[in-house]
Amino acid sequence: MTTQLRDLRASFPALSSDVAYLDNAAGAMLPRQTIEAITRFMSTLGGANVGGVFGLSEEVTALKARAREASATFLNCLPGEVLLGPSATALTWQLSRAFSKLWGPGDEVIVSELEHEANHSPWRALERFGVTVKVWRAKWPEGILDPADLQALLTRETRFVAMTGAANSIGSMTPIREAAALAHSVGAWLLVDGVHVAPHHLPDVEALDVDFFVMSPYKVFGPHLGLMFVRRDLLPSLPADKLSFVEDDNVTKFEPGTAQHELWAGWLGSLAYLADLGGGAFSRETLRRAYARIEALEAPLVEHLVTGLASTDGVALYGRRSVEGRVGTACFNVSGLAPREAGRALAARGVAVATGHYYAILPMEALGLLPNGAMRASIAHYTTHEEIERLLEGVRSLTGVS
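Conventions adopted
- Residues numbered from 1 in each chain as written.
- Predicted model: local features only at pLDDT ≥ 70, side-chain atom pairs only at ≥ 80, totals over all residues.
- Heavy atoms only, no water.
- Helix = DSSP H or I, 4+ residues; strand = E, 2+ residues; numbered from the N terminus.
- Rg over C-alpha atoms; globule rule 2.2 N^0.38 Å.
- Contact = heavy atoms within 4.5 Å.
- Areas by Shrake-Rupley, 256 points an atom, 1.4 Å probe, with all protein chains shown as cover.
- Lys, Arg positive; Asp, Glu negative; His and termini not counted.
- Charge placed at Lys NZ, Arg CZ, Asp CG, Glu CD.
- Expected span 1.5 Å × (residues − 1).
- Buried < 20%, exposed > 50% of the residue type's maximum accessible area, 1.4 Å probe, protein only.
- Arc of directions from axis to C-beta.
- Pairing = 2+ DSSP bridges.
- Axes fitted to C-alpha atoms, helices over the stretch in contact; angles between N-to-C directions.

### Section: the overall build of the protein chain
Scanning the protein chain from N- to C-terminus turns up 13 helices and 13 strands. For the protein chain, whose C-alpha radius of gyration is 21 Å, the value lies close to the compact-globule estimate of 21 Å for 402 residues. Once the C-alpha set of the protein chain is aligned to its principal axes, its extents read approximately 65 × 55 × 35 Å. Looking at the protein chain alone, contacts between residues at least 24 apart form 69% of all its contacts between residues at least 6 apart. Element-wise, carbon and sulfur atoms account for 53% of the exposed surface of the protein chain, whose accessible area totals about 15,900 Å². For the protein chain, the centre of its 35 positive side-chain charges and the centre of its 44 negative side-chain charges are spaced 2 Å apart.

### Re helix 2 (residues 32-44)
Over its 13 residues, helix 2 runs 18 Å from end to end, which matches the ideal 18 Å to within 8%, given 1.5 Å per residue. Burial in helix 2 covers these residues: T34, A37, I38 and F41. Buried residues of helix 2 fall within an arc of 95° about the axis and therefore sit on the same side. Of the exposed residues in helix 2, the ones pointing more than 90 degrees away from its buried face are R40 and S43. Where helix 2 is buried, its residues meet helix 3 (55-75) and helix 9 (261-278).

### Things to note about the sheet that holds strand 9 (residues 315-318)
With antiparallel pairing, the four strands of this open sheet are ordered in space as 9-10-13-12. In this open sheet, the two edge strands, each paired with only one partner strand, are strand 9 and strand 12 (354-356). When strand polarity is set aside, the average angle formed by the axes of neighbouring strands in this sheet is 30°. Helix 10 (residues 284-310) contacts strand 9, strand 10 (329-334) and strand 13 (374-378) of the sheet and is inclined by roughly 135° relative to strand 9. Contacts between helix 13 (residues 385-399) and the sheet are confined to strand 9, strand 10 and strand 13, with strand 10 contributing the most and set at about 20° to the helix.

### Side note on helix 4 (residues 88-100)
Structural remark: α-helix, 3.6 residues per turn; residues separated by three or four positions point the same way. Its 13 residues give helix 4 an end-to-end C-alpha distance of 18 Å, which sits within 8% of 18 Å, the value for a rise of 1.5 Å per residue. Of the positions making up helix 4, those classed as buried are A88, L91, T92, Q94, L95, S96, A98, F99 and S100. Each element contacted by the buried residues of helix 4 is listed here: strand 2 (82-85), helix 5 (121-124), strand 5 (158-164), strand 6 (189-193), strand 7 (212-215) and strand 8 (226-230).

As structure tokens, then:
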């Protein structure tokens, strides 16, 4: 491990354990800036809420505004286009409920086959209102979405397309810009689930030309929260079960109840970590530099992980077998072992991986892996080659390959 990487890992207290943590797709570790920001909020502001005219309340109100503004910088949009919520799943269901008031028989929705259930179940629920839901099938065994297959599904009745930016199961990246152009050509809206791509590549909703974009800060070294971009001109036309005094064009109509203010303080701490990684004050440019470092650190790790598993006898690696067009998430099984059994054996060796379907029901069905699913190893920029080698050694021990 280089001195630079050792210093970087020192920012993450949980990485001081002896566990090789390779479940980053489920949730990333938190840097000190995040932990200290939450502690500072709880210690100084406690349970104070927004909207008051006294000091503590004014500080909380200002903090929430900063969280929205910083999140807008992160996504490259306007602060008034950012929803702050408890989770990406909760925000997606909020949007689904809005759509249920707009659409019915004769309207169509398209969902890709690579989706986490958070970007499938809410749209499938629209079938109760007569909406037709189609599935944009991937090309297997690689798990690649072909824009030509989306084009074949689009009609004048298509209202909405939902797709992931990167599959949380097999790690495949997707053709977002091409999908946006095709969806818009028939007047449809596009939502991208950016939960699995945002830890690895900086989101840019303007460049991607998407209408909605949802992500989870806790996958990006932050607390358990959700963020959603909603294109400003769409807000007034989206129905919401809102408080009576909130205007139709105000993004907070989708934010009922009191926010988790201490966690938004933590998210600001996470963004401060990224600014430090980028070597400057928090800005879009600093974030670009930070993500350039993240991508440079991750590239050799992805190659080590994917090529190591692909070359091990007795291992079935699902999805792309090349390092191109994917993030550092590998879905695999060991011959003769159920995923949970193999996962427990790896855990006994101090290697943490996911097992099961990780809410990726559609890809698991396509691969024929239900009900047991598969194992999943996922890296972050702080992962080491030594941790990946521990995984590979553990897998080889399970297969009997020395």
